[in-house]
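Inside the fold
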Amino acid sequence: MKPDETITTVARAVASRFTAEFGGEDPRVFFAPGRVNLVGAHLDYNGGLVLPVAVDRGVYVAARLRGDRCIRLRSIDVPEAVDVATVDVRDVRDLAHGWASYPLGVWRYFHERTGAEHGFEMVIGGDVPIASGLSSSAAVEVATAKALNELHSAGLGPADLAMLGYMAETRYVGLRCGIMDQFASALARDGHALLLDCHESTWEHVPLDSATVEILVMNTGVPRALGDTKFNQRVAECGEALRILRQVVERPCLAAYTPGDIDRAGDRLRSPYRERARHVVTEMHRVRDAVDGLKTGNIGALGRALNESHLSTREDYAVSSPELDAITDAARECPGVFGARLTGAGFGGCAIALIEPGRRADIEAHVMSRYREVIGRDAGFDLLREGTGPCEITFSAEDGRPGP
Ligand code: GLA
């Protein structure tokens, strides 16, 4: 359970909108966190290691089962209401359903997995900026999966919830992402980062002490729409790099190759496949260095891994932007910054800086003024803490709602 004091206004907002919209008995409210990925950029769909941290922001859903086969979805942030009969939720999304494709995709796979037939009604809201690289879509998916699991008492575990979200995103919505975001949200543990092996689907929780390091999210103010970007193109390029490298030596996934393999491929691995492969292979070393840094309390090493990761995503993977470069360069100029890099897929959205606790104000002021100077617009900032995994929210009597 998320303790009462952390119930946000968003949780209350989804509950009251639900009552206004659907009436009747109070809904149940569930939460799933967004995430930042410390290091391991674009490694998940290449079978590599990633190191995300769930944050104390995310998505809240107020939900209730219906007696019939109808799904009714509302969002606090988007005006379009979506009502669909369960039989009309097919194998791939209907573009007319827009934002609601994410929860509908989760229902589609929940239904396949558990045989559940009932429709449901749900209001969604969140306090993680949409399309900024903090994985709002995975948080929607995991919160929906959590709600369906609890409302049906289906008994699925956290990794199952993550897989429902992953299938919704890749098969139903059609983004060829890896498993990181949904696992980061579903498996989150307070005070820990998640070291996830995306080839084996195994994980380890690695302690992250917020007394030693804080995560400053720096929003470039340029939204990033994944479907419109070159994300799927990068996935395809990595597939091609893997196909070429397999002519040299057979390995299970692109992340399992070595710099020596890339050299041996010679001219067969031409641009841009060489650069894409080089990013993936070198990023694996940076994840291992970052984990060693975390485990030994060497935050400097963790920060260096972030800086080098940003450089590699910019030069070899080509997913940075002038805004992301400017904002991370500005952060690195500040005392008290261990390292900075873009987060999420790149192409706009947010970057993160790992900072010494207590330094936020000076760092923000410097980054803001440099970013204005170079880019000519304002940056947004948020200090995030590592957060809890999916949970049900209960309201206390003072909120005018029943307790647990
Ligand atoms: C997006 C995808 C993730 C991952 C990152 C890049 O957030 O959803 O699966 O590939 O980009 O690391």
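1. Examining the side chain of H42
Tracing the sequence through the fold places H42 in the loop between β1 (28-37) and β2 (49-50). Only 2.7 Å separates the side chain of H42 from the side chain of Y45, close enough to count as a polar contact. Leaving out residues up to four positions away in the same chain, H42 has contacts with F231, V280, Y317, V319, G344 and A345.

2. Thoughts on the site of the ligand
If you check the shell around the ligand, you find R35, A41, H42, D44, Y45, C177, G178, M180, D181, F231, G344 and A345 and nothing else. Between the ligand and the protein, one listed contact pairs an oxygen atom with a side-chain N or O atom of D44 at 2.5 Å. Side-chain polar atom of D181 to an oxygen atom of the ligand: 2.7 Å apart, as the coordinates give it. Of the residues belonging to the shell around the ligand, the class tally is six nonpolar, three polar and three charged.

3. Quick notes on the sheet that holds strand β3 (residues 52-65)
With mixed pairing, the six strands of this open sheet are ordered in space as β5-β4-β6-β3-β1-β13. The open sheet is flanked by β5 (82-85) and β13 (391-393), the only strands paired with a single partner. Between one strand and the next, the sheet's axes are offset by a mean angle of 30 degrees, whatever the strand orientation. Of the pairings in the sheet, the one linking β1 to β3 comprises nine bridges and is antiparallel in character. Looking across to β3, one finds that N37 is bridged to P52. Contacts from helix α1 (residues 9-22) reach β1, β3, β4 (70-75), β6 (120-126) and β13, with the element oriented near 145 degrees to β6. The strands touched by helix α3 (residues 136-151) within the sheet are β1, β3, β6 and β13, with β1 carrying the most contacts at an inclination of about 150 degrees.

4. Some words on the packing of aromatic side chains
Taken as a whole and assessed by the stated rule, the structure comprises four aromatic pairs. Their ring planes at 70 degrees and their centres at 5.5 Å tell us that Y45 and F231 sit as a pair that is edge-to-face. Note that Y45 is positioned in the loop between β1 and β2 and F231 in helix α6 (residues 231-245), a separation of 186 residues in sequence. The pair Y45 / F231 is uniform in exposure class, with both members buried.

5. Notes on helix α2 (residues 101-114)
In an α-helix, one turn spans 3.6 residues; hence positions three or four apart end up facing the same way. With 14 residues, α2 ought to run about 20 Å at 1.5 Å a step, and its terminal C-alpha atoms sit 20 Å apart, in line with that. What α2 keeps buried is the set S101, P103, L104, G105, V106, W107, R108, Y109 and F110. Those residues of α2 that are buried are in contact with β4, β5, β6, α3 and α4 (158-173). Residue G115 follows α2 closely and has a positive phi angle near 80 degrees.

6. Some thoughts on the sheet that holds strand β8 (residues 202-207)
Judged by pairing direction, the sheet is antiparallel, and its three strands sit side by side in the order β2-β7-β8 without closing on themselves. The open sheet is flanked by β2 and β8, the only strands paired with a single partner. Relative to strand β7 (residues 192-197), β2 runs antiparallel, the two being bridged by two bridges. Bridged to L49 within β7 is D197.

Reading the values: the criteria
Residues numbered from 1 in each chain as written. Predicted model: local features only at pLDDT ≥ 70, side-chain atom pairs only at ≥ 80, totals over all residues. Heavy atoms only, no water. Helix = DSSP H or I, 4+ residues; strand = E, 2+ residues; numbered from the N terminus. Polar contact = N/O pair within 3.5 Å; in protein donor to acceptor, adjacent residues only side chain to side chain. Contact = heavy atoms within 4.5 Å. Near = heavy atom within 4 Å. Nonpolar A, V, L, I, M, F, W, Y, C, P; charged D, E, K, R; others polar. Pairing = 2+ DSSP bridges. Axes fitted to C-alpha atoms, helices over the stretch in contact; angles between N-to-C directions. Phe/Tyr/Trp six-rings, centres within 6.5 Å; stacked < 30°, edge-to-face > 60°. Buried < 20%, exposed > 50% of the residue type's maximum accessible area, 1.4 Å probe, protein only. Expected span 1.5 Å × (residues − 1).

Keep in mind that these numbers describe shape and distance, not what the molecule does.
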